[in-house]
Amino acid sequence: MANTPEKILHVQDLTVSFKTTQGMVRAVRGVTFDVFKGKTLAIVGESGSGKSVSSRAIMGILAGNGVIDDGQIIYRGQDLTKVDEEHYHELRGNKIGMIFQDPMSSLNPIMRIGKQITEGMLLNGNRLKERIKQKSADSKNILSEKLNNLDELQRKATKVKKSDFGNKAAELTEIKLDILKAKKEIKLAKADYKKATAVAKKEVYMDYRTEQARVNDQIKALKDTSNQGSNNAKIAELKEQLIRYKKVTKQEAYERAIKIMKEVGIPEPERRFTQYPFQFSGGMRQRIVIAIALTASPEILICDEPTTALDVTIQAQILELINDLKKERNLSVIFITHDLGVVANMADSIAVMYAGKIVEMGTSEEIFYNPRHPYTWALLTSMPDLDSKDRLRAIPGTPPNMLFPPIGDAFAERNEYAMKIDFERQPPMFKISETHSAATWLLHPDAPKVEMPKIIRDRIERMLNTTSKPEEAANE
Amino acid sequence: MNNRENEMPILEVKNLKKYFKSGRGKTKLVVKAIDDVSFNIYKGEVFGLVGESGCGKTTTGRTIIKLYDPTDGEIFFMGQRIGAGHQGLNDNISEKRKEVRVAVQQLKMEYNARISASPSAEDQASLKKELAEKISVLQKEKQEFIRKNKLQISERKRTVDQDTPLMRKMQMIFQDPIASLDPRMTVKEIIAEGLRIAGVKNEKEIITRVNKVLETVGLLPEHASRYPHEFSGGQRQRIGIARALVVNPEFIIADEPVSALDVSIQAQVINLLNDLRHDIGITIMFIAHDLSVIKYFSDRIGVMYYGNLVELATADELFLNPLHPYTRSLLSAVPLPDPRYEKTRKRIVYKPWEVHNYENNPPRLHEIKEGHFVQANDEEIESYMKILK
Ligand SMILES: Nc1ncnc2c1ncn2[C@@H]1O[C@H](COP(=O)(O)OP(=O)(O)OP(=O)(O)O)[C@@H](O)[C@H]1O
Ligand SMILES: Nc1ncnc2c1ncn2[C@@H]1O[C@H](COP(=O)(O)OP(=O)(O)OP(=O)(O)O)[C@@H](O)[C@H]1O
Ligand SMILES: [Mg+2]
Ligand SMILES: [Mg+2]
C-alpha cells in the first residue's frame, strides 16, 4: 500500500457496559480500530460478541442502561463520546448513517415511503446555515483539537495520580501547567470560532442578497417583455432557483428522492414514492432504508447485518449496491455480519470479535489466508464447504457470561489449544505484520509451535490453487 | 442415490397447485404460490428445496403437512393419499359447460337460418327434429363428462385426516425458533404436547420420552423445566427439533432451521440433523436459501422459481451441471469465504423475459440426464444437451 488512505474514524479502547438487575454486563471491553476513507471494515464474531454494541456506541444510540466506561471515538478531530445530543443529532443525520438488520424496524409502517425519504432532506435543508458552518469549519476543527488535547491531559493526570511509581509530584505539576496552557488556548480558540462564525454569517447573507437582486432583475426583465405567456414558466423556474439557493425545496427533495430510489434499484420510483412499506418486498424495504441513509450523503455507513434476513439473490443485489456506492461516493463502510462469505466479498480489513474484544485484526487476505487466532480458526471450520462433506466442526461450549468475564483469555474454555497461561492472563495483541495482529499467547516467542488445523490449511491451499469453481463452470 | 425409480417414494407430490385468493371483483388477486409442482422424496434421503424469498418453499411444506388445502394436484405419503385438490376438475366442468353452451348456440343459429330459408313446412319440421337430436347428444355427453369429473372430485375429497397416526409420522420444524415456541410453556410441556395429541396419557412414559429426546438433541433433562427464553438461539432450535422428534416421525420438513443462526450454532444444528438421519434413518425435506448449507446437507436438490420447480438433480450434479438460467444465477450469487475468488466472481442475473421464448413452444419438466430434470422447451433442451458435462 503506497499511499495510505485518510483515516476518518479512530476508535480507541472503547469500553461499554450495561447496568442490569444482575450486575454490569461487560459488553465491549477495550476495542481499538480505524476506519479509512473509501474502505470497508468488517466486524465478525458469534452472536453476543459485542458487534452491534460497538457500532451503536459510534452512532451514539446505546440503550438507556448502557454507559461508555472508557475510550475515545475520534471523528474529524472530535471525540464523539464527549459530544452532546444536539450535536450528535446532526452527525447522525448527515455524516454517519446506519442500516439495521430488520428494515421494518427502521421504517414507519404508516408513513408513505416518499415522505420517509424526503423528511430528512427537508429537515436538514437550510443551505445558508450549512454554508456558514462550512466557512467556519476550520476554526471549529482547531477548537475541537484543543478540547481533545485537554481531555487527554486530564486523562493522563488521573492515570499518574493512580499509578504508584516515579516522581508523581513533579510529573503532576508539569501536567497541571500544560492543562492551564491548554485551557488558555481553548479560550482563544473559542473566541476565534465565534468571530469566524460571525464573519461567515455576514458573507453568506450578503451573497444571498446579491443572488436575490440578480434573480429579481432577471424576473423583472422577463415581465417587461411582451411575450407574457411563455415567460411565466421561466419566472416560476427562477423563483424556485432562488428558494433553492436558500433551502431544499419540496420539489427538489422529490427529485433527489426519485434519483436515489433509482440509484438503489427501485423500479418505477414515481409510483413507488406514494406507497407504504407493507407494499414492498423485504429486499425493496432494505433498499429504501439504504436510500434514506444515503440522502444525507454520509461519509461513514454502518451496516449491521443488512442482509441476514434476505435470500442470496437479493443479498447479492444489496451487497453490490453498497459496493458501488462505496466506489462512487468514496464512502467508508463498517460492515457487521457473521457470514464469512459476505465478509470475503465486502471487506478491505476485518476485525474478529469475541466476548467484547477484538481477538484478531488484519486485511481480508490476512484473515482468510493466514488466520492466527484459534477463535478465527474455529469460525472458519464451522462453515460448510462447497467441496467437502466432512463433519462440521462446531465450536464446543458457549460464549462466556459477560456479567463475569473470565480473567484470562475469554476463549480459553472452548479452545483446544489453550495453555495454562490462557486461563490466568489476558494475551496482548501480538503484531504479525504492519496490518495484522492477534491476541493469543500462541504468538508469544516462548509458546510451543502450533499449526492451524489441517482442515483449514487444506482449504486455504485449495482456495489459493483452484481456478475453477462451480460458478465459473456456469459461465459458458 | 441416482436411480430410485423402482423404489416407492416416501412422499409423492403430483401436479400440486396452491393458489391464495384475496379480494373480490376489481381488487381480486390470485397468488399462485405453487403452480403445478411434482417431485418424489425417497426414504432416508435429504431433499433440499431452494429458491428466492416468496417462491413458495414454505407454502409447499405447509401444504404437504396439511396446514393448507391444495388447490389442485395430489400428495401421497407412505403410499396413501393425504392431500388433493380439485380446482382442475372444477375447471374442466365449467369449461365443458361453456363449450357445450357455445356449441348449442352455434347449432341453433345454423339451423334457424336453414329453417327460415327452407320453403316447405315438412322440411322445417325435420330440420327442427335434427337440431333437437344434435343438442340432446351434446347435453348427454356433457352430463356424462360432469358425472365422471364429479366422481373424481368426491374421490379426491376422501383423503387422510390430519390427526391420524399416519400424519403423525410427518413433522415440521418451523422457520422461526422464537415465534414457534409458546413462551409460557416449559420445554417439557412444549415437547410433550405432540405426545398428548397422539394419545399418550401415562405421565411416566411422557417424562421418559421427553428426557430421551432431549438427550438426542444434545440437551439435558434439567432443561425440561425451563422456559424457551432461557435458551440460546441454537438451543431453541434444538427444542423445536425435539418437539418434532418425540413422536418418532419418519419424515421431517425442516423450514430454514438454520437461517437465523450464526455459523457456529448453525454447525451444531446441521450436525444434529445429520446424526438423526444416519442413526435413525429419518427422511428430511430441507428448505433453505443458503446454497453452501444445502449442498453440504442434501442428497438431491429442487430449485423453485415463482411457484415452479425449474430444476431437480442430485446435489453434486446440480453444482456440476446447472442448466436452468435461474439455477445458474442462484449459484453465481453465493459468496464464498475466499477474498480472491470473490474479487472475480461474476454474478449472472436471471431475466426470464430475455432468456426464454415460450410463446410458440412452452416448457415442460424434462429429464435431460438420468435423475436430472430441468424445465425447458425443445429448443432449450437441445442447447442444454450441448453444455452438459
Ligand atoms: N441493553 C442491554 N442491556 C444489557 N445487556 C445488553 C444490552 N444490549 C446488549 N447487551 C449485551 O451485550 C452483549 C453484546 O451484544 P451485541 O448486541 O453487541 O452482540 P452482537 O455481537 O451484535 O450479536 P448478534 O450477532 O447476535 O447481533 C451481549 O451479551 C448482550 O446480551
Ligand atoms: N397465507 C397466505 N395468504 C396469502 N398469500 C400467501 C400466504 N402465504 C404465502 N403467501 C404468498 O405465497 C407466496 C409464496 O410464499 P412462501 O411463504 O411459500 O415463500 P417462501 O419461498 O417460503 O419464501 P421465504 O424464503 O421468504 O420464506 C408469496 O407470494 C406469499 O406472499
Ligand atoms: Mg448484533
Ligand atoms: Mg419460507
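Residues numbered from 1 in each chain as written. Chains lettered and ligands numbered in written order. Predicted model: local features only at pLDDT ≥ 70, side-chain atom pairs only at ≥ 80, totals over all residues. Heavy atoms only, no water.

**Some details on the side chain of His436 of chain A**
Residues and elements named next belong to chain A.
- Take His436: it is sitting in the loop between strand 11 (430-431) and strand 12 (437-438).
- A distance of 2.7 Å separates the side chain of His436 from the side chain of Glu360, its partner in a polar contact.
- Leave out the neighbours within four places in its chain, and His436 touches Glu360, Met361, Gly362, Glu366, Ile367, Asn370, Arg372, Phe430 and Lys431. (Helix = DSSP H or I, 4+ residues; strand = E, 2+ residues; numbered from the N terminus. Polar contact = N/O pair within 3.5 Å; in protein donor to acceptor, adjacent residues only side chain to side chain. Contact = heavy atoms within 4.5 Å.)

**Points about the site of ligand 1**
Residue and element names in this part refer to chain A.
- Around ligand 1 there are 14 residues in total, and Ser47, Gly48, Lys51, Ser52 and Val53 lie nearest to it.
- Note that an oxygen atom of ligand 1 is positioned 2.7 Å from one of the backbone N or O atoms of Gly48.
- Val53 has a polar backbone atom sitting 2.9 Å from an oxygen atom of ligand 1.
- Protein burial of ligand 1: of its 640 Å² of free accessible surface, 69% is covered by the chains. (Near = heavy atom within 4 Å. Areas by Shrake-Rupley, 256 points an atom, 1.4 Å probe, with all protein chains shown as cover.)

**Notes on the site of ligand 2**
All names here are of chain B.
- In the vicinity of ligand 2 lie 14 residues, with Ser53, Gly54, Lys57, Thr58 and Thr59 positioned nearest.
- Take Lys57: an N or O atom from its main chain is 2.8 Å from an oxygen atom of ligand 2.
- Here an oxygen atom of ligand 2 and a side-chain polar atom of Thr58 are 2.6 Å apart.
- A total of 630 Å² of accessible area belongs to ligand 2 in isolation, and the protein chains cover 64% of it.
- A total of three residues in the shell around ligand 2 trace back to one element, the largest contributor, which is helix 1 (residues 57-64).
- Broken down by class, the residue content of the shell around ligand 2 amounts to five nonpolar, six polar and three charged. (Nonpolar A, V, L, I, M, F, W, Y, C, P; charged D, E, K, R; others polar.)

**Focus on the sheet that holds strand 12 of chain A**
Residues and elements named next belong to chain A.
- The strand order across the open sheet formed by eight strands is 6-7-8-3-9-10-12-11, and the pairing between neighbours is mixed. In this open sheet, the two edge strands, each paired with only one partner strand, are strand 6 (96-99) and strand 11.
- Inspection of the sheet shows strand 9 (residues 349-354) paired to strand 10 (residues 357-363) by six bridges, in the antiparallel sense. Pairing of Ser349 across the sheet is with Thr363, part of strand 10. (Pairing = 2+ DSSP bridges.)

**A look at the packing of helix 8 (residues 250-263) of chain A against helix 10 (residues 282-295) of chain A**
Residue and element names in this part refer to chain A.
- Closest axis-to-axis distance for the helix 8/helix 10 pair is 9 Å, and the angle between their directions is 130°. Judged on the interaxial angle alone, helix 10 and helix 8 are oblique. Handedness of the helix 8/helix 10 crossing: right-handed. Note on element contacts: helix 10 touches helix 8 through Ile288, Ala291, Leu294 and Thr295, opposite Arg256, Ile260 and Met261.
- Considered class by class, the residues forming the contact of helix 8 with helix 10 number five nonpolar, one polar and one charged. (Axes fitted to C-alpha atoms, helices over the stretch in contact; angles between N-to-C directions. Parallel < 35°, antiparallel > 145°, perpendicular 65-115°, else oblique. Left-handed = near helix turned anticlockwise from the far one by under 90°.)

**Let's talk about the domain arrangement of chain B**
- Segmentation of chain B into domains returns domain 1 (1-78 + 250-389) and domain 2 (88-157).
- Put simply, the middle of domain 1 of chain B and the middle of domain 2 of chain B, counted by C-alpha atoms, are 45 Å apart. (Domains from an automatic or database assignment.)

**Focus: unusual backbone geometry**
All names here are of chain B.
- At Asp36, a position not held by glycine, the phi torsion is positive, near 70°.
- With respect to the helices and strands, Asp36 occurs in strand 2 (residues 29-41).
- Residue classification places Asp36 among the partly exposed residues on the basis of a relative accessible area of 39%.
- Despite not being glycine, Tyr306 shows a phi value in the positive range, around 40°.
- Looking at the secondary structure, you find Tyr306 in the loop between strand 9 (300-305) and strand 10 (308-314). (Buried < 20%, exposed > 50% of the residue type's maximum accessible area, 1.4 Å probe, protein only.)

**What about the nonpolar core?**
- Counting residues in each nonpolar core, the largest one holds 66 residues, and the members touching the most others are Ile241, Leu273 and Phe286 of chain B.
- Counting residues per element, this core draws most heavily on helix 8 (residues 263-280) of chain B, which supplies seven residues.
- Once you skip the residues sitting within four places of it in the chain, Phe286 of chain B turns out to touch Val46, Phe47, Gly48, Leu49, Ala254, Pro257, Val258, Leu273, Val293, Ile294 and Phe297 of chain B.
- Counting 36 residues, the second-largest nonpolar core is a separate cluster that includes Ile258, Ile266, Ile288 and Leu310 of chain A. (Core = buried A, V, L, I, M, F, W, Y, C linked by side-chain atoms within 4.5 Å.)

**A short note on the packing of aromatic side chains**
- Summed over the entire model, instances satisfying the criterion amount to 15 aromatic pairs over all chains.
- Pairing Tyr254 of chain A with Phe273 of chain A gives two aromatic rings, centres 4.7 Å apart and planes at 75°, and the pair type is edge-to-face. A residue pair is termed long-range when its members are at least 10 positions apart, and Tyr254 of chain A in helix 8 and Phe273 of chain A in the loop between helix 9 (269-272) and helix 10 qualify at 19 residues.
- We classify Tyr254 of chain A as partly exposed; its relative accessible area is 29%.
- Classification of Phe273 of chain A by relative accessible area gives buried; the value is 14%.
- Seen from their ring centres, Tyr305 of chain B and Tyr350 of chain B are 5.0 Å apart, and the 75° between their planes marks the pair as edge-to-face. (Phe/Tyr/Trp six-rings, centres within 6.5 Å; stacked < 30°, edge-to-face > 60°.)

**Brief notes about the environment of Leu325 of chain A**
All names here are of chain A.
- Following the sequence through the fold, Leu325 ends up in helix 11 (residues 312-329).
- For Leu325, a relative accessible area of 1% puts it in the buried group.
- Not counting the four nearest positions on each side in its chain, Leu325 is found in contact with Glu263, Ile290, Leu294, Asn330 and Leu331.

**Examining the pattern of salt bridges**
All names here are of chain B.
- Scanning the entire structure with this criterion turns up 47 salt bridges over all chains.
- Across the salt bridge formed by Glu99 and Lys96, the nearest N and O atoms sit 3.6 Å from each other. With Glu99 and Lys96 both in helix 2 (residues 87-117) and three residues apart, the pair spans about one turn of that helix.
- Among the residues examined, Glu99 registers a relative accessible area of 47% and is labelled partly exposed. (Salt bridge = Lys/Arg side-chain N within 4 Å of Asp/Glu carboxyl O.)

**With respect to the pairing of strand 4 (residues 72-77) of chain B**
Residues and elements named next belong to chain B.
- Of all six residues in strand 4, six are buried; the element is thus mostly enclosed.
- Strand direction decides the pairing type here: strand 1 (residues 11-22) and strand 4, joined by five bridges, are antiparallel. The residue of strand 4 that forms the bridge with Val13 is Ile75.
- In terms of strand pairing, strand 4 meets strand 5 (residues 80-86) through six bridges, oriented antiparallel. Bridge pairing in strand 5 places Gly73 opposite Gly85.

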